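Here is how the chains run, residue by residue.
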Amino acid sequence: MTEKIKEQILAIRDTGLTNMFDIHAVQRLAYEREFYELVMFIEEHRKEYVRFIIYGDE
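Everything quoted here is computed from the prediction, not taken from an experiment.

Criteria and thresholds
- Residues numbered from 1 in each chain as written.
- Predicted model: local features only at pLDDT ≥ 70, side-chain atom pairs only at ≥ 80, totals over all residues.
- Heavy atoms only, no water.
- Salt bridge = Lys/Arg side-chain N within 4 Å of Asp/Glu carboxyl O.
- Helix = DSSP H or I, 4+ residues; strand = E, 2+ residues; numbered from the N terminus.
- Buried < 20%, exposed > 50% of the residue type's maximum accessible area, 1.4 Å probe, protein only.

Draft legend 1. Region of interest: the pattern of salt bridges. Under the defined criterion, the tally for this structure stands at 6 salt bridges. Lys4 serves as the salt-bridge partner of Glu37, at 3.0 Å between the closest nitrogen and oxygen. Of the two residues, Glu37 is situated in helix α3 (residues 36–44) and Lys4 in helix α1 (residues 3–15); the sequence distance between them amounts to 33 residues. Exposure remark for Glu37: the relative accessible area of 35% places this residue in the partly exposed category. Here the residues in one salt-bridge network are Arg28, Glu32 and Arg33, joined through shared partners.

Function cannot be read off these values alone, since they describe shape.
If you want it as structure tokens, here you go:
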């Protein structure tokens, strides 16, 4: 996971618009903000995304 992906995850979290475990909502918000890297990362590395949300690490 790159720093850019981490920053995008945190930016979505900071909006407070969705539960971060609602993967589809996170992807929609990321797409709306042109965080295309995050949209693809979640598709390809879902377990790593969830681990980051739960533990704050990779």
